[in-house]
Amino acid sequence: DYAVEHQRFGGDKFSFNRMSWIKTNFTWMMCRCGWASKKNQERVLALRLRRCFFDRLLGEAVHSSYQEIYGTREAWKAAIGETSVVMQWDPDHVPFTNDTLPRRAIQLGVRGDLLREMCTDALGSVEDVTDLVHTLDERCRNDVERLCTPTEDVYPVADDAVRFRLLFSHACGKNAEDAEQESEESC
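Residues numbered from 1 in each chain as written. Predicted model: local features only at pLDDT ≥ 70, side-chain atom pairs only at ≥ 80, totals over all residues. Heavy atoms only, no water.

(A) Geometry of the overall build of the protein. From N to C terminus, the protein includes 8 helices and 6 strands. Secondary structure elements of the protein, listed N to C terminal, follow the sequence α-β-α-β-α-β-α-β-β-α-β-α-α-α. Residues counted as buried form 39% of the 187 residues belonging to the protein. Long-range pairs, those at least 24 residues apart, make up 66% of the contacts in the protein with a sequence separation of at least 6. Just so you have it, the protein exposes about 11,300 Å², and 46% of that area is on carbon and sulfur atoms. (Helix = DSSP H or I, 4+ residues; strand = E, 2+ residues; numbered from the N terminus. Buried < 20%, exposed > 50% of the residue type's maximum accessible area, 1.4 Å probe, protein only. Contact = heavy atoms within 4.5 Å. Areas by Shrake-Rupley, 256 points an atom, 1.4 Å probe, with all protein chains shown as cover.)

(B) Quick look at the sheet that holds strand 5 (residues 100–110). Taking strand neighbours across the sheet as the criterion, the 4 strands line up as 1-5-4-3 in an open arrangement whose pairing is mixed. Each edge of the open sheet is held by one strand with a lone partner, namely strand 1 (20–23) and strand 3 (62–63). When strand 3 meets strand 4 (residues 85–93), the two strands line up parallel, connected through 2 bridges. When the bridges of strand 4 are listed, histidine 63 appears paired with methionine 87. Packed onto the sheet, helix 3 (residues 51–60) meets strand 1, strand 3, strand 4 and strand 5 and runs at close to 95° relative to strand 5. (Pairing = 2+ DSSP bridges. Axes fitted to C-alpha atoms, helices over the stretch in contact; angles between N-to-C directions.)

(C) The arrangement of the pairing of strand 5 in detail. Judged from the 4 bridges that link them, strand 1 and strand 5 form a sheet pairing that is antiparallel. Within strand 5, the position partnered with isoleucine 22 by the bridge is leucine 108. Strand direction decides the pairing type here: strand 4 and strand 5, joined by 8 bridges, are antiparallel. Paired with proline 91 across the bridge in strand 5 is arginine 104. Linking two consecutive strands that pair antiparallel, namely strand 4 and strand 5, is a turn of 6 residues; a positive phi of about 70° is found at phenylalanine 96 within it.

Here it is as structure tokens:
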């Protein structure tokens, strides 16, 4: 209730001394929370972050598992220890199943000062979408063809170095100049 009422996280039930995860894919989030039915996951909040802050998170992100771009495992372990943002590519899920699709979505774990900033100053809005989640679950669990999920587009990462380091498979449908202009206008 605190986050929706105050449009920021805090209060006596939220800890800034942990890692909090941003899941950018609706069906993956639903798989993880059991359509808002799993214990301590009975509410689903939709967050809007300021684009310049999200770009900053991507710029600081380090893969949760070793990738060759770090050179050595030791260099990767050092990077994990120094960063406030851990990332991984999670599979998209077929709704109401554990079956996965080839498409992936980024998941970002945020901790420390960046978590505090994300949950306060960088937060554009907090919306409780639990009723929507329950409605979709009830109406569509036995008829997945009826399911309409939020539109998800490939995020246009403007910085070529960040896009390469995060292992984006293509230029996200926009050229870097257009994405950079959009980013500057959204901050």
